[in-house]
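# Coordinate analysis (summary)
Chain by chain, the residues run as shown.
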Amino acid sequence: MTIKKELPEIFEGFSEARRNGFIAAKKFKEQNRPMIGTFCTFMPQELPLSIGAATVSLCATSDEPIAEAEKDLPRNLCPLIKSSYGFGKTDKCPYFYFSDLVVGETTCDGKRKMFELMGEYKPVHVMQLPHNPVQDLAHEMWKGEIIKLKELLENQFDTTITNEQIKEAIVLKNRERSALKEFYALGKLNPPALSGMDLLKVLYGTTFKFEKEDTIQELAELTKKVTKQYEAGQRLEIKPRILITGCPIGGVTEKVVKAIEDNGATVVFYENCMGAKAVEDLVDENNEDVFDALAEKYLKIGCSCMSPNDQRFSLLDRAIDEYQVDAVVEVVLQACHTYAIETTNVKRFVNDKKNKPYISVETDYSTSDVGQLNTRMAAFIEML
Amino acid sequence: MYSIGIDSGSATTKGVLFDGKNVIEKVIVATGANPRRTMEEVYNKLYREKTYTVTTGYGRALLKASNKQITEITCHGKGAAFLDDEISAVIDIGGQDSKVILLDRELNIKDFLMNDKCAAGTGRFVEVIMRLLQEDLCDLDDYVKDADATKISSMCTVFAESEVVSLLAHDISGPSIAKGVIESIAQRTSSFAKRLPLEGKIFFSGGLAQLNSMKDAIEKSLELEIVTHKDAQYVGAIGAAVIGFQKNT
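Residues numbered from 1 in each chain as written. Chains lettered and ligands numbered in written order. Predicted model: local features only at pLDDT ≥ 70, side-chain atom pairs only at ≥ 80, totals over all residues.

## Here's the deal with the overall build of chain A
The helix and strand inventory of chain A stands at 16 helices and eight strands. A compact globule built from 384 residues should have a C-alpha radius of gyration of about 21 Å, and chain A, at 20 Å, falls within 12% of that. Relative to its 384 residues, chain A shows a buried fraction of 49%. In chain A, 73% of the contacts between residues at least 6 apart in sequence involve partners at least 24 apart. (Helix = DSSP H or I, 4+ residues; strand = E, 2+ residues; numbered from the N terminus. Rg over C-alpha atoms; globule rule 2.2 N^0.38 Å. Buried ≥ 20, exposed ≤ 12 C-beta atoms within 10 Å, placed from the backbone. Contact = placed C-beta atoms within 7 Å.)

See below:
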């Protein structure tokens, strides 16, 4: 009977990673190793990794500091941006506190302008991200920004970063991506091996672990364990299979996953940026020009701040087939214009090209819409 | 063999008793501040031996005797299709939300939209304005019969209320304001509904479906044929009862 207890405990462990991460971060800092706070997935983690630094996501997921943020920022702004800013301003986020350097990217307009104000509390280096990933010079521009970040790290931490170090970091980060991919590929199993909520706990929790080797090992062990128990017959009930796409989720926005799973369906795949979006493609380890390899990989992230954004649709296309998805739920955070506008094309793609039902829900970091979310999700699932 | 369908809405609670072919009893009461007690009251009025009960609407989880809970989206789709099997979509304007439900050829729900963020463009909006004009909602059709609409530009119920106060202060007539409110809701509803590919005959349900002036205004702004039914206010409860009957046989 001990085995049965183990998996939930492991999932909880991942889920607590963010809360317990405070101590982990403190210990990490006591080793005199730098910590880099990041926002979007475009920041090449390989660079901090190459000097033994850790990266931690500062994209916040709670409404706690929003009131404070709204003293400076408009109310009608994405809750992720307000919350991230608010945590920085109030200094309530240990990760923000421990970050020696904060790196942002010019992804959406909201973040871009928020970084200006955030710079008053903490040094923020903003990488200039081109918004058309396939146009002439986009690749060169992004490569230049990556080299600039490398130089900044060298200056700030008084070190030199060699190509060899970056290569090693590329291999390490690729191994972490592969371990994550193998884990979330468990979602392909039908009947399911694990709930969408457990999937999310692991995907989200991983971003608050600082030692890559440990993370890789934990993930591999977890995948093995789930597979073994699945083969031994531990399976979940067959229910409609949902793919979640759209804005980042985690923290309070787990309410959407809960509404789906409480009302008779299972989430089998997360296309969002805390899910597969930035993990699917590896960095080319054979490219001798490491900056070229990094620029190529990171420009392939299918975020709605890109236009055209073909990468998102090709990932959706593959995932809907491979994960035997019955329907797609898109989560849009209030006032996220790029994702909100792109819902039209995603709906068309899912309805017309993939012949699957699609629904988009707009939400924020409050819990006031839980009732409405439940009704919507229940109605959507009744329709399947 | 009977089934009971109860729709616990924000303004009214509707219940029907269904024998598999016809609705044989109907009850409607104001939901009030205690939706659980109201649902029990409706249930007790309809109760027969050997009934299967399906509840829907905001308060669907409150009735202990409920055998199954189904969302108002599914129930409205089913109920409207039961009342008229030639329709292709349902527009429902309820007490505090509005919804559009798209049906396929087999009258199954294909897609839906729900506007539940605020009371603008719902039955509540009309209720608030009519209270301000000191007129009874049931007489609205007669009240606006010969009036020219005054444009109401505020979409928010609270702002619209103050807009109406200032229109009254400018000596604009009540019927003209009421007509403006109707047109504003119709336009809001149809631009919301047009987000789904509507065609053919559309069923209009909810409390406001009883008003011909409302139906005509929506028909005009949507440019599609709108039909309704004398029991359109009960459509959610009817859908619940129809589903309940199928479940139990």
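Next, the rest of the story.
## Here we look at the sheet that holds strand β4 (residues 51–57) of chain B
All names here are of chain B. With mixed pairing, five strands are arranged side by side in an open sheet as β3-β2-β1-β4-β5. Whereas interior strands pair on both sides, the edge strands pair on one side only; in this sheet they are β3 (23–30) and β5 (68–69). Here strand β2 (residues 12–18) pairs with β3 via seven bridges, running antiparallel. Within β3, the residue paired with L17 across the bridge is E25. Across the sheet, helix α1 (residues 35–46) lies against β1 (2–8), β2, β3 and β4, angled at about 25° from β2, the strand it touches most. (Pairing = 2+ DSSP bridges. Axes fitted to C-alpha atoms, helices over the stretch in contact; angles between N-to-C directions.)

## Topic: the nonpolar core
Formed by 188 residues in total, the largest nonpolar core has its most connected members in L243 of chain A together with A241 of chain B. Among the elements that make up this core, the one with the highest residue count is helix α8 (residues 235–248) of chain B (eight residues). Both of domain 1 (1–84 + 231–249) and domain 2 (87–228) of chain B provide at least three residues apiece to this core. A241 of chain B has contacts with S3, I4, G5, V16, F18 and V54 of chain B, leaving out every residue within four places of it along the chain. (Core = buried A, V, L, I, M, F, W, Y, C linked by C-beta atoms within 7 Å. Domains from an automatic or database assignment.)

## Details of the packing of helix α12 (residues 254–262) of chain A against helix α16 (residues 370–383) of chain A
Residues and elements named next belong to chain A. Put simply, α12 and α16 touch, their axes get as near as 9 Å, and they point 40° apart. The orientation of α12 with respect to α16, classified from their angle, is oblique. Like other packed secondary-structure pairs, α12 and α16 cross with a definite hand, here right-handed. In contact with K255, V256, A259 and I260 of α12, α16 contributes V370, L373, N374 and M377. When the residues that make up the contact of α12 with α16 are grouped by side-chain class, the tally is six nonpolar, one polar and one charged. (Parallel < 35°, antiparallel > 145°, perpendicular 65-115°, else oblique. Left-handed = near helix turned anticlockwise from the far one by under 90°. Nonpolar A, V, L, I, M, F, W, Y, C, P; charged D, E, K, R; others polar.)

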